[in-house]
Amino acid sequence: MHEQQVDRAAATRGDLDVNLAECIGTSCLVLLNTLGPDTPEESRRLIQVACRYFVETEDREGDLASVFGFDDDAEVLNAVAVKLGRPDLVVSI
């Protein structure tokens, strides 16, 4: 659903950083796929925070309203990825 919103917005706004959104989405999916029955609760919550922040379009900087809309999403994801020891999931802003 979020991907479709981004694609629709990008069709009318050429300045949206769709590539950054795709990178964030990919990293979020990888994090979600690491969840298992032995995942510590703190890690679970951090992953949920990163993923929810990404799909919420009206956060600190509106995702679809600004050329910098996905930068704050990337910052949250990057902080979570580093905290979880997954620097390979950090995205460039």
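Residues numbered from 1 in each chain as written. Predicted model: local features only at pLDDT ≥ 70, side-chain atom pairs only at ≥ 80, totals over all residues. Heavy atoms only, no water.

S.K.: Describe the packing of helix H3 (residues 41-55) against helix H4 (residues 71-83), and please don't skip the residues or the numbers.
M.R.: Between H3 and H4, the shortest axis-to-axis distance is 9 Å and the interhelical angle comes to 165 degrees. In this view, H3 runs roughly antiparallel relative to H4, as classed from their interaxial angle. Our pair here, H3 against H4, has a crossing hand that is left-handed. Seen from H3, the contacting residues are Glu42, Leu46, Ile47, Val49, Ala50, Tyr53 and Phe54; seen from H4, they are Asp72, Asp73, Val76, Leu77, Val80 and Lys83. For the contact of H3 with H4, the per-class residue count stands at nine nonpolar, no polar and four charged. (Axes fitted to C-alpha atoms, helices over the stretch in contact; angles between N-to-C directions. Helix = DSSP H or I, 4+ residues; strand = E, 2+ residues; numbered from the N terminus. Parallel < 35°, antiparallel > 145°, perpendicular 65-115°, else oblique. Left-handed = near helix turned anticlockwise from the far one by under 90°. Contact = heavy atoms within 4.5 Å. Nonpolar A, V, L, I, M, F, W, Y, C, P; charged D, E, K, R; others polar.)

S.K.: Give a detailed account of the packing of aromatic side chains, specifying residues and quantitative values.
M.R.: Within the structure shown, the criterion is met by one aromatic pair. Ring plane angle 50 degrees and centroid distance 6.4 Å describe the contact between Phe54 and Phe70, whose orientation is recorded as tilted. Here Phe54, found in helix H3, pairs with Phe70, found in the loop between H3 and H4; they are 16 residues apart in sequence, far enough to count as distant. Overall, Phe54 belongs to the buried group, its relative accessible area being 8%. (Phe/Tyr/Trp six-rings, centres within 6.5 Å; stacked < 30°, edge-to-face > 60°. Buried < 20%, exposed > 50% of the residue type's maximum accessible area, 1.4 Å probe, protein only.)

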